[in-house]
Amino acid sequence: MIQVEHLEKRYGDSVAVQDLNLTFPEGQLTALLGPSGCGKTTTLRMINRLIEPTGGRILLGGQDTRILKPEALRRSIGYVIQQIGLFPHLSVAQNVATVPDLLGRDRRATAQRVDELLDLVGLDPAVYRGKRPAELSGGQAQRVGVARALAADPPVLLMDEPFGALDPLARDRLQDAFRDIQRRLGKTVVMVTHDIDEALRLGDRVALMRAGRLEQFGTPDDLIHRPASEFVRDFLGEDATLRQLAGRPVSAFVRAGLPSPGAPRVQADLNARSALSVMLREGHDTLEVLRGEELLGHVAWQDLRGEGHA
Amino acid sequence: MLWLAALPMLAGAWLPWVLLRPNRLAPGEYLRLPPAWVALAAVLALLPALTGQVRRGLVWLPATLALLLGVWLLGGRTAAALVGQADFARASAASGVWLYLLGAGVATYAAGLALPERRWVAWLWLPPALALLLGGHLADWSVLVEGRNEGPRWVQELGQHLRLVGSALGLSVLIGVPLAVWAAGRARVADAVLGVANAVQTLPSLALLGLLIAPLSALANAVPALREAGISGIGVAPALTAMTLYALLPVLRNGVVALRGVPTGVIDAARGMGMTASQRFWRVQVPLALPVWLGGVRQAAVLLVGVAAVAALIGAGGLGTYIFKGLQSAASDLILLGAVPAALLAILVDGALRALEGWLGRRLGRAA
């Protein structure tokens, strides 16, 4: 459990984070969400003291983080960043072993731990342990990054837009894999993101920040259905709508009757969000909906929009 | 490139090969190769290019043979020219030799480029050529005759040359490395330091040597202890100072660029995982900066081999002594006695440090 109390960071006259009070629950993934410049990364980096707060305090497992030397504190906290930051001159295994080595752990035990972790993140140790970072794809590299952060078995994991630099396919896969890992290991995770989908998909809790302050803290459902302010509604707005569309088949929106001539055809079990994408891609505001060969009717742009807002 | 190399070789085979003079300063007569040798030389001139049309991987063989033929014929023809001549007679290499060796050298270099995995094949000519040299086959070549006359003095000057280069390089590394580390973390300091080093580099070496004479002799006059330590306006002290200043720029520039080139994400990850500042420096920054940094040291070393030759002008000694002595007395053999070893030295230093760089680059996970 991480408790943040009256946390503040000033740079001269400008305030990056202001009177932030927040408890990151044990064993859960909290997404720190917000527009750029809202202070989410500053907050994250204050937890492992890469940035020193100018006010307030942070308690980790009930202890003030300032009683430890910064290096000792950081070795007890996993850290994953967008640029991945693998050491290019070291092998995958040596990268993963970084923190255990810094802690002076037994080499043989560490080697075994490295293999377990590579397995955990879905990389065959026999194939990958000797590779250099330059030989990995972006997705593989960040899997190694996650394994490296977990190497010393820290109770807490800090992640700064960990999947932000990956292509959409790799990102989806790694998000799923990471969700699995997190459920299995029960780590307390703080993940900075500006990707609303990612926050709503991975977060047990979402902390939405704005201009250095906490705007709302709650479950994804809380934020979508019970936004605390106009800003929260605006920030999640369209994406929340799309998320809802994504959960329903296009057949739920079908009207009887013929579509305008030349309308593209889609199958009834397609999700409504994808149907919207087809409209955009084909430049048509109606679609012909079929089940197999049978014509069910048509669906129009307004139907999807209207239902989403309802 | 291979056909381009064939041209000077063909011309070289046909042009005069040896200049025979009754003594080292008198005018002489030019001797061509006998027709049979011209024919063989011409065939070997075309062979690398012809081989290149069929198998680029095999070009090194005819190119190396051509280079060795050039060296061998130089020895053989100078010896033949001196038969029946007085002791003072000199047989020098004429334009044909130089053109032929130039072409063969280019072909050999190109052969090495064609085999990126086995660059060393471009150096296969070196052991046999050294064997010819040490075995006395080239003994009648005028440059080596001069060298024999100079004997131990030449070895001494070569040693002095190496000492100058080594000391200046050592000093510039001692000064440049900490300075680069200090400057790399501070953008404005880095700009200023690089600016100053750049300015020094634009000064002609001769001017820099001249500029140092006045302050150093003033210093030596003011502080007798320094004068007793051998410091004065001319000689080794100003030469070493100037050379160190010269070598500083590449060492500094590459150091700053290499250290600043370490990806910020890597540094951030190292900090975030709890490495101390010195752990970050030794375990992350140094290994990642080293290959590029070493490139700067290599540039400095090659530069210094050249500048050290100029240092002879202010009495610092070295191979330059022969170059200037030869220039003054219009004795080209003396010039070559200084210039050829200096050039070979530069090539060897470059090759050796390049190999080290490549090896480090591969070991440290960056493509060489």
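Quick caveat, the model's predicted, so the values are computed rather than measured.

A. Local environment of the overall build of chain A. In terms of helices and strands, chain A carries 13 helices and 13 strands. Seen along its three principal axes, the alpha-carbon backbone of chain A occupies a region of about 75 × 50 × 30 Å. Buried positions account for 49% of the 310 residues belonging to chain A. Contacts in chain A between residues at least 24 apart in sequence constitute 62% of all its contacts with a sequence separation of at least 6.

B. Seen up close, the domain arrangement of chain B. Residues and elements named next belong to chain B. The domain boundaries assigned to chain B delineate domain 1 (2-141) and domain 2 (152-363). Between the C-alpha centres of domain 1 and domain 2 there is a distance of 34 Å. Contact with domain 1, which involves seven residues of that partner, is made by eight residues of domain 2. Contact between domain 1 and domain 2 buries roughly 590 Å² in total, counting both sides, with carbon and sulfur atoms accounting for 69%. Looking at the side of domain 1 facing domain 2, the largest losses of area belong to Arg24, Leu25 and Trp123, adding up to 51% of the total buried there.

C. Examining the side chain of A:Arg49 more closely. Note that A:Arg49 resides in the loop between helix H1 (40-47) and strand E4 (55-60). Here A:Arg49 is in contact with A:Thr65, A:Arg66, A:Leu68, A:Lys69, A:Pro70, A:Leu73 and A:Arg74, once residues within four sequence places are set aside.

D. A look at the pattern of salt bridges. All names here are of chain A. Applying the stated criterion to the full structure yields 25 salt bridges over all chains. For Glu116, the salt bridge goes to Arg113, with nearest N and O atoms at 3.8 Å. Taken together, the positions of Glu116 and Arg113, both in helix H5 (residues 107-120) and three residues apart, correspond to about one turn of that helix. Of the charged contacts in the structure, one is a salt bridge between Asp222 and Arg226, with a shortest N-O distance of 2.9 Å.

E. How the structure looks around the packing of helix H14 (residues 320-328) of chain B against helix H15 (residues 332-363) of chain B. Residue and element names in this part refer to chain B. Closest axis-to-axis distance for the H14/H15 pair is 7 Å, and the angle between their directions is 160°. Looking at the two axes, H14 sits roughly antiparallel to H15. Along this stretch, H14 crosses H15, giving a crossing that reads as left-handed. Note on element contacts: H15 touches H14 through Leu334, Ile335, Leu337, Gly338 and Ala339, opposite Tyr322, Ile323, Lys325, Gly326 and Leu327. Tallied by class, residues from the contact of H14 with H15 come to seven nonpolar, two polar and one charged.

The rules behind the values
- Residues numbered from 1 in each chain as written.
- Chains lettered and ligands numbered in written order.
- Predicted model: local features only at pLDDT ≥ 70, side-chain atom pairs only at ≥ 80, totals over all residues.
- Heavy atoms only, no water.
- Helix = DSSP H or I, 4+ residues; strand = E, 2+ residues; numbered from the N terminus.
- Buried < 20%, exposed > 50% of the residue type's maximum accessible area, 1.4 Å probe, protein only.
- Contact = heavy atoms within 4.5 Å.
- Domains from an automatic or database assignment.
- Buried area = accessible area lost by both parts, 1.4 Å probe.
- Salt bridge = Lys/Arg side-chain N within 4 Å of Asp/Glu carboxyl O.
- Axes fitted to C-alpha atoms, helices over the stretch in contact; angles between N-to-C directions.
- Parallel < 35°, antiparallel > 145°, perpendicular 65-115°, else oblique.
- Left-handed = near helix turned anticlockwise from the far one by under 90°.
- Nonpolar A, V, L, I, M, F, W, Y, C, P; charged D, E, K, R; others polar.

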